[in-house]
Amino acid sequence: QVQLVESGGGLAQPGGSLRLSCAASGFTFNNYAMSWARQAPGKGLEWVSAISSDVRNTYYADSMKGRFTISRDNAKNTVYLQMDSLKPEDTALYYCAKHLTNSYASGMDSWGQGTQVTVSS
């Protein structure tokens, strides 16, 4: 059974940083691409970033480029999202998701429960 558990959310000031973690279990982690997505209050789900199964390739939504960094540790079955230069508009529930294959272009079939990020002074 696939399980994804996010952690690391919380309250940050504008310009601050947070590091999210997603611990995965129930599948062969290093065979699958992983993504982060978010949902702000009253808005739809927004894809944030993805990383290939072999760590070689990373992808970001335009508004996150240069501020967010995705990484993964296949030995620890964990994917991370380092968020720097946070803005109030980054406030959202952040989810990690497993892709159907090792390609970021494949769909996502499993989601965690989310971790809340609030950016406010």
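Residues numbered from 1 in each chain as written. Predicted model: local features only at pLDDT ≥ 70, side-chain atom pairs only at ≥ 80, totals over all residues. Heavy atoms only, no water.

Once that is clear, we can look at the pairing of strand β4 (residues 34-39). With five of six residues buried, β4 lies mostly within the body of the structure. Bridging between β4 and strand β5 (residues 45-51) involves six bridges; their strand directions are antiparallel. Bridge pairing in β5 places A37 opposite W47. In sequence, β4 turns back onto β5 through a hairpin of five residues, with G42 there showing a positive phi of about 75°. Here β4 pairs with strand β9 (residues 92-99) via six bridges, running antiparallel. Note that in β9 the partner of R38 across the bridge is Y94. (Buried < 20%, exposed > 50% of the residue type's maximum accessible area, 1.4 Å probe, protein only. Helix = DSSP H or I, 4+ residues; strand = E, 2+ residues; numbered from the N terminus. Pairing = 2+ DSSP bridges.)

The term disulfide refers to a covalent linkage connecting the sulfur atoms of a pair of cysteines. Scanning all chains against the criterion turns up one disulfide. One disulfide in the model links C22 with C96; its S-S distance is 1.9 Å. Within this pair, whereas C22 is found in strand β3 (residues 18-25), its partner C96 is found in strand β9, the two being separated by 74 residues in sequence. We note that C22, like C96, is buried. (Disulfide = S-S within 2.5 Å.)

Looking now at a nonpolar patch on the surface. A grouping of L45, M108 and W111 is seen on the molecular surface, where their side chains present a nonpolar patch of about 270 Å² in accessible area. Tracing the backbone through its elements, the reader meets L45 in strand β5. What makes L45 partly exposed here is its relative accessible area of 48%. (Patch = residues over 30% accessible without salt bridge, like charges linked within 9 Å, V, L, I, M, F, W, Y side chains within 5 Å. Areas by Shrake-Rupley, 256 points an atom, 1.4 Å probe, with all protein chains shown as cover. Salt bridge = Lys/Arg side-chain N within 4 Å of Asp/Glu carboxyl O.)

Strand order in the open sheet formed by four strands is β1-β3-β8-β7, and the pairing between neighbours is antiparallel. For this open sheet the edge positions go to β1 (3-7) and β7 (68-73), each flanked by a neighbour on one side alone. Direction aside, the axes of adjacent strands within the sheet are offset by 15° on average. As defined by bridge partners, β1 adjoins β3 across five bridges and the pair is classed as antiparallel. Bridge pairing in β3 places S7 opposite S21. (Axes fitted to C-alpha atoms, helices over the stretch in contact; angles between N-to-C directions.)

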